[in-house]
Amino acid sequence: MKRLGVLLSGRGSNFEAIARNCASGTLQAEIGVVISNREDAVGLETAHRMGIPAVCIPARGVERQQHDALVAAELDRAQVDLVILAGYMRILSASFIQHFPNRILNIHPALLPAFPGLDAQHQAWEYGVRVAGCTVHFVDEKMDSGPILAQAVVPVMESDTAAVLAERILAQEHQIYSETIAKVLAGGWRIEGRRVLFGE
Ligand code: GRF
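Residues numbered from 1 in each chain as written. Predicted model: local features only at pLDDT ≥ 70, side-chain atom pairs only at ≥ 80, totals over all residues. Heavy atoms only, no water.

## Examining the nonpolar core
Taken as a class, soluble globular proteins show a tendency for nonpolar side chains to be buried jointly.
Argument step 1. Grouped together as the largest cluster of nonpolar side chains are 43 residues, with contacts concentrated most on Leu4, Ile31, Leu105 and Ile181.
Argument step 2. Ranked by residues supplied to this core, first place goes to helix α6 (residues 162–186) with seven residues.
Argument step 3. Residues lining this core come from more than one domain, with at least three contributed by each of domain 1 (1–101) and domain 2 (107–200).
Argument step 4. Among all residues touching Ile181, those that are not within four sequence positions of it are Leu4, Ile18, Leu27, Leu82, Ile84 and Leu105.
Argument step 5. Counting residues in each nonpolar core, the second largest holds 18 residues, with Val80, Tyr88, Leu92 and Ile97 among its members. (Core = buried A, V, L, I, M, F, W, Y, C linked by side-chain atoms within 4.5 Å. Buried < 20%, exposed > 50% of the residue type's maximum accessible area, 1.4 Å probe, protein only. Helix = DSSP H or I, 4+ residues; strand = E, 2+ residues; numbered from the N terminus. Domains from an automatic or database assignment. Contact = heavy atoms within 4.5 Å.)

## Thoughts on the pairing of strand β5 (residues 104–108)
Argument step 1. The buried count for β5 comes to five of five residues, which makes it a mostly enclosed element.
Argument step 2. Residue alternation in β5 divides its side chains into two sets, Ile104, Asn106 and His108 and Leu105 and Ile107, and both sets are buried.
Argument step 3. As judged from the three bridges shared by strand β4 (residues 82–85) and β5, these two strands associate in the parallel manner. For Leu85, the partnering residue across the bridge sits in β5 and is Asn106.
Argument step 4. Pairing analysis gives four bridges linking β5 to strand β6 (residues 131–138), with the strands arranged antiparallel. Note on β6: the bridge partner recorded for His108 is Thr135. (Pairing = 2+ DSSP bridges.)

## Details of the pattern of salt bridges
Argument step 1. Scanning the entire structure with this criterion turns up eight salt bridges.
Argument step 2. The shortest N-O distance in the salt bridge between Arg20 and Glu16 comes to 2.6 Å. Of this pair, Arg20 and Glu16 both sit in helix α1 (residues 13–24), four residues apart, roughly one helical turn.
Argument step 3. The closest approach of N and O atoms between Asp160 and Arg168, which form a salt bridge, is 2.6 Å.
Argument step 4. Look at Asp160 and you get buried, because its relative accessible area is 5%. (Salt bridge = Lys/Arg side-chain N within 4 Å of Asp/Glu carboxyl O.)

Now the structure itself:
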C-alpha cells in the first residue's frame, strides 16, 4: 500500500476528504503521518479522531531550513511515497523540495497561473472572472508554480460572495485531490517541459 504524508496548518478539510477516501478504499493509499506547523490546527484533531498518526512541529522561532529538516525526517520515518500539501501555510525550502523530487503535490483554489498566492478565491471574485476553480500541481521551488496535474472549473454567479464561491471551489478540491493522488501513485506518467503526460 502506498503511503501519504500530509502537511497542513488549519481546517484540514482536504486532508479529511483524502482520509475518508483512503478509509473507504476509493483511494488505495494510507496516510502514514499528518504534520502541522500549528498546534491549534483543526486538522490535527481530525487526524486524532480518525486514528491517523499526527504530530505538530512548531515553526515559530525555528530557522526555515531547520524546521523543514525536522518535517522531512518525520516524513522519512513514516516512509511516505508522496507528500500532500493541504493548506500548509509555509513556503518550503529548496532543500526540502529537492529531498522529494516530483513527490510533493499541492492544491491551490484558483485556475493557475491566474491568482497565485493568498486568498485566491477572493482575488478571482474581485477580478470579476466568469469561471473559477482549483489546481492540483507538483511543487517546485517557486510558489504555486509547478507542473499542473489537474484542474476543475466552477461557474461564478452574480449573486456569489467570495465566501460562496470559495465553498463551490472547495467541493471540487475535495474531489480532484484524491483522484489526482491516485493517478500519480499509479505511475506511468512523465513530465515534458511543464506538461504532465499521463498517456491518456
Ligand atoms: C484550500 O482552499 C486549499 O486550496 C488551499 O488551502 C485551503 C485549505 O483548506 N491550499 P483545508 O485546510 O483543506 O480545509
